[in-house]
Each structure stands twice: as structure tokens, then as C-alpha cells.
Amino acid sequence: MPDNLISVVEESEGLNSSLISKIRLEILWALSELGEDGATARQLKAGLNLSDGATYTNLKKLAGMGYLRCEKVIFEGEELELYAITPKGLTEWQRVRNWLCKLLECEGDTCER
């Protein structure tokens, strides 16, 4: 546990509690790594091993919070939704990531995600 646990807990009050779920954090992490290219819901579902319901529910929630943008694309004659992280989403992902690294004491290069 961090020596300054009280300050880490106090810092958590500034985070968006609606974002703190394993699936939402995984989606933001994945899309932050992909950058502007983003990914389709199908790609995220497969890459993160999610159900259809979990994928779409969480993508819609993140988009509603302004953390993701969604655009329709045609691929091989099929209309797909392409998701990418917004600047607001990237900023929030970095804030949460930094907070988690403090909590887990894995700051710097030792923090894999």
C-alpha cells in the first residue's frame, strides 16, 4: 500500500466515478493505444473478450460522456461503427491511469497499462 494512502484516496474524488469499471477502463486503454484510427465495436469485442451487451453498453456510455467519438463506416458492404478516443477521453484516461499507478505503486515504466 502506498505510504500516502490518504492523499491517493482524496485524489480519487476528482475522478469520474462512472468511468471506474474494468470494461470501460480496458476500452479506453485499448483506444488510447490505437489513436486516431480507432477500432470497430467488433474488433474491441474480440480483442477484449467481451459480450455483445457489455461491448455496446459501455461504448455508448463512454461516447455519451464525450470520451469516444463514433462514426459509421462501410467495410465490405457492411455498415460498422468505428470508435476512437477523443482528446477529452485521452485526458481522462491519463488521469485515471496515473491515479491507479499511484494506488498500485507502479509509477513510471513499471506500469504496463
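Residues numbered from 1 in each chain as written. Predicted model: local features only at pLDDT ≥ 70, side-chain atom pairs only at ≥ 80, totals over all residues. Heavy atoms only, no water.

- The protein is annotated in an unreviewed UniProt entry as Transcriptional regulator of Methanoplanus endosymbiosus.

**Things to note about the pairing of strand 3 (residues 78-85)**
- Of all eight residues that make up strand 3, six are buried, and the element is covered over most of its length.
- Looking at chain direction, strand 1 (residues 39-40) and strand 3 are connected through two bridges and run antiparallel. Looking at the pairing, Thr 40 lines up with Leu 82 of strand 3.
- Sheet topology places strand 2 (residues 68-75) next to strand 3; eight bridges connect them, and they run antiparallel. The partner of Ile 74 across the bridge, within strand 3, is Glu 79.
- Here strand 2 folds back onto strand 3, and the loop between the two strands holds two residues, one of which, Glu 76, carries a positive phi near 50°. (Buried < 20%, exposed > 50% of the residue type's maximum accessible area, 1.4 Å probe, protein only. Helix = DSSP H or I, 4+ residues; strand = E, 2+ residues; numbered from the N terminus. Pairing = 2+ DSSP bridges.)

**Let's talk about helix 4 (residues 52-64)**
- In this model, helix 4 (13 residues) spans 18 Å end to end at C-alpha, consistent with the 18 Å of a helix rising 1.5 Å per residue.
- Here helix 4 has its buried residues at Ala 54, Thr 55, Asn 58, Leu 59 and Leu 62. Along the axis of helix 4, the buried positions cluster into a sector of 115°, meaning they face one direction only. Opposite the packed face of helix 4, turned more than 90 degrees from it, sit the exposed residues Thr 57 and Gly 64.
- Among the residues trailing helix 4, Gly 66 stands out with phi positive, at a value near 85°. (Expected span 1.5 Å × (residues − 1). Arc of directions from axis to C-beta.)

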